[in-house]
Amino acid sequence: QVQLVESGGGLVQAGGSLRLSCAASGRFSLYTMGWFRQPPGKEREFVAAISWSGESTYYADSVKGRFTISRDNALNSGYLQMNSLKPEDTAVYYCAANFKSPLNTVVTGYRYWGQGTQVTVSS
């Protein structure tokens, strides 16, 4: 199994940027990683995913062209670079992982989850 801890959230103005980090225990290189978010009063939704090899990525249409998912397996870390942030990006962001699984865009596709980090984008 793997333990995940997110960091890097905060308050930014619309148009600004944030970089979220996901620190993992164990051999993170063996895990597919995804980012999800949960806006206030809404269900958790897919944001981005990256294969365990790092060669494949997938993005939700709402963030495509603005967000970039990456990983550094040597540091057992995953990242979500968020640019051109909009107020509708406001949510708790979660890092998720699953052992050597295909890319997945649904919550049920990931077994391990972090506790989340708050991202708030002001107008």
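Relevant structure appears above.
Because the structure is a prediction, the values reported are computed rather than measured. Along each chain, the written sequence defines residue order, and numbers are assigned to residues from 1. Residue-level local features of this predicted model are given only where pLDDT is at least 70; pairs of side-chain atoms are given and counted only at 80 or more, and the full residue set underlies all totals for whole chains, interfaces and linings. Heavy atoms throughout the structure, all of them, feed into the side-chain values; hydrogens and water do not.

Student: Would you mind showing me how to read unusual backbone geometry here?
Tutor: Note: most residues except glycine have negative phi, and most peptide bonds are trans. The phi torsion at Ser84 lies on the positive side, around 50°, for a residue other than glycine. The numbering of helices and of strands both runs from the N terminus, where a helix is a DSSP run of H or I of at least 4 residues and a strand a run of E of at least 2. Structurally, the position occupied by Ser84 is in the loop between strand 8 (77–82) and strand 9 (91–99). Think of it in three bands: with a 1.4 Å probe and only protein chains considered, a residue is buried below 20% of the maximum accessible area for its type, exposed above 50%, and partly exposed in between. Its relative accessible area of 41% is what places Ser84 among the partly exposed residues. Backbone geometry at Lys100 places phi at a positive 45°, although glycine is not the residue there. Within the element layout of this structure, Lys100 appears in the loop between strand 9 and strand 10 (112–113). Taking relative accessible area as the criterion, Lys100 reaches 44% and is therefore assigned partly exposed.

Student: Looking at this model, I keep getting lost on the environment of Ser17. Mind explaining?
Tutor: Considering the arrangement of structural elements, one finds Ser17 in the loop between strand 2 (10–13) and strand 3 (18–24). The class for Ser17 is partly exposed, based on a relative accessible area of 40%. Throughout, a residue-residue contact means that at least one pair of heavy atoms, one from each residue, lies within 4.5 Å. If we ignore the near neighbours within four places in the chain, the residues touching Ser17 are Val12, Gln81, Met82, Asn83, Ser84 and Leu85. Of note is the side chain of Ser17, whose polar atom sits 2.9 Å from the side chain of Asn83. The definition of a polar contact used here is a pair of N or O atoms within 3.5 Å, where within protein one atom must be able to donate a hydrogen and the other to accept one, and adjacent residues in sequence count solely through side-chain atom pairs.

Student: I'm lost on the side chain of Arg66 in this one. Help?
Tutor: Mapping Arg66 onto the fold places it in the loop between strand 6 (57–59) and strand 7 (67–72). For Arg66, a relative accessible area of 11% translates into the label buried. Look past the residues within four positions of Arg66 in its chain and what remains in contact with it is Gln81, Met82, Asn83, Ser84, Leu85, Lys86 and Asp89.

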